[in-house]
Every structure is written in C-alpha cells, then in structure tokens.
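An overview of the molecular structure
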Amino acid sequence: QVQLVESGGGLVQPGGSLRLSCTASGNIFNIHNMEWYRQVPGKPRELVATITLGGSTNYADSVKGRFTISRDNAKNTVYLQMNIVQPEDTAVYYCHADIYSGSSAYSDYWGRGTQVTVSS
C-alpha cells in the first residue's frame, strides 16, 4: 500500500548540480527517518544521508559539504540536493523511509532507484 518513487536522476557534468526527489504515497500515517542510499557495481549499498522527522541530518563523509538532504512533510517527499558533483558520485540512488501505516511498528520501504551519472 506504500510506494516510494525517486525522480531527478540523469547525466550531469563534474562540478554541476542535481536535485533528487522521492515521494511516498499510499496508506501513510507518519514517516520517521528518510534516507538516501547509493550503489555502484561491485560495491555495497552506501548510506549517503539521513533526515529525521524533526529535521536532524547526517551525511556520509564523502558528501559532507556538497550534498544536502531535506524533506517536505506535507508532500511526503525527501530531497537530495547534490552540488559540486564528481564522477565518483555516479551511482544508482535509492530512497528509503521508515513509515507507519497503522501497524504496531514502523516498516521500511525502498524506492526502485534513479541513475545519476557524472561525466563530461
């Protein structure tokens, strides 16, 4: 009943910017943490950024100072503003969220991913 859908991926040149969006839809009572992960072939999925319901954020060291995670609770949407992107940022970016939909506990949901390619 709950789905996460990412958007905003694509091709961008090194040093450029990109903004990813992820919107949750369905039977949603509340959304706790929202996160962005990324994965490249041959490597484990990496946690990029986290934002809590209260707005506290955490970032992977590799993106601190360049990426910003934010959320719009009214729209059930989380964003990842990617600035000064570099080739090593190339990956499939996945949205993840902890969502309460009426059960006794929060459940985690994943989007299907959006490709970000940084290349000149």
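Refer to the structure above for everything that follows.
Residues numbered from 1 in each chain as written. Predicted model: local features only at pLDDT ≥ 70, side-chain atom pairs only at ≥ 80, totals over all residues. Heavy atoms only, no water.

What follows covers the overall build of the chain. Each helix and strand counted, the chain has zero helices and 11 strands in total. Over its C-alpha trace the chain gives a radius of gyration of 14 Å, about what one expects of a compact globule, namely 14 Å for 120 residues. Seen through its principal axes, the chain has C-alpha atoms that stretch 45 × 25 × 25 Å. Looking at the chain as a whole, 40% of its 120 residues are labelled buried. Long-range pairs, those at least 24 residues apart, make up 54% of the contacts in the chain between residues at least 6 apart in sequence. Counting every atom, the chain has about 6300 Å² of accessible surface; 47% of that belongs to carbon and sulfur. In the chain, 9 side chains carry a positive charge and 9 a negative one; their mean positions are 4 Å apart. (Helix = DSSP H or I, 4+ residues; strand = E, 2+ residues; numbered from the N terminus. Rg over C-alpha atoms; globule rule 2.2 N^0.38 Å. Buried < 20%, exposed > 50% of the residue type's maximum accessible area, 1.4 Å probe, protein only. Contact = heavy atoms within 4.5 Å. Areas by Shrake-Rupley, 256 points an atom, 1.4 Å probe, with all protein chains shown as cover. Lys, Arg positive; Asp, Glu negative; His and termini not counted. Charge placed at Lys NZ, Arg CZ, Asp CG, Glu CD.)

Under the defined criterion, the tally for this structure stands at one disulfide. A disulfide bridge connects C22 with C95, and the sulfur atoms are separated by 2.1 Å. On the sign convention where negative is left-handed, the bridge of C22 and C95, at about -80° about the S-S bond, is left-handed. Of this pair, C22 sits in strand β3 (residues 18-26) while C95 sits in strand β9 (residues 91-100), and the two are 73 residues apart along the sequence. With respect to class, C22 is no different from C95; both count as buried. (Disulfide = S-S within 2.5 Å.)

Of note in this structure, N76 is not a glycine but carries a positive phi near 50°. Secondary-structure assignment places N76 in the loop between β7 (67-72) and β8 (77-82). Phi is positive for I84, which is not a glycine, with a value near 50°.

A general tendency of soluble globular proteins is for nonpolar side chains to be buried together. Counting 29 residues, the largest nonpolar core has W36, L80, M82 and Y93 as the members making the most contacts within it. Only β1 (2-7), β3, β4 (30-39), β5 (46-51), β7, β8, β9 and β11 (114-118) provide two or more residues apiece to this core. (Core = buried A, V, L, I, M, F, W, Y, C linked by side-chain atoms within 4.5 Å.)

Among the structural elements, D98 can be located in strand β9. Buried charge without a salt bridge: D98, with R71 as the nearest opposite-charge side chain at an N-O distance of 8.5 Å. When residues no more than four places from it in sequence are discounted, the contact partners of D98 are N30, I31, H32, N33, Y106, S107 and D108. (Salt bridge = Lys/Arg side-chain N within 4 Å of Asp/Glu carboxyl O.)

Below, the discussion takes up the sheet that holds β3. A sheet is described by the order of its strands in space; here four strands give the open sequence β1-β3-β8-β7, paired in antiparallel fashion. This sheet does not close on itself; its edge strands, each paired only once, are β1 and β7. Ignoring which end each strand starts from, the neighbouring axes of this sheet average 15° apart. Looking at chain direction, β7 and β8 are connected through six bridges and run antiparallel. Within the sheet, the bridge partner assigned to R71 lies in β8 and is V78. (Pairing = 2+ DSSP bridges. Axes fitted to C-alpha atoms, helices over the stretch in contact; angles between N-to-C directions.)

Just geometry here; none of it tells us what the structure is for.
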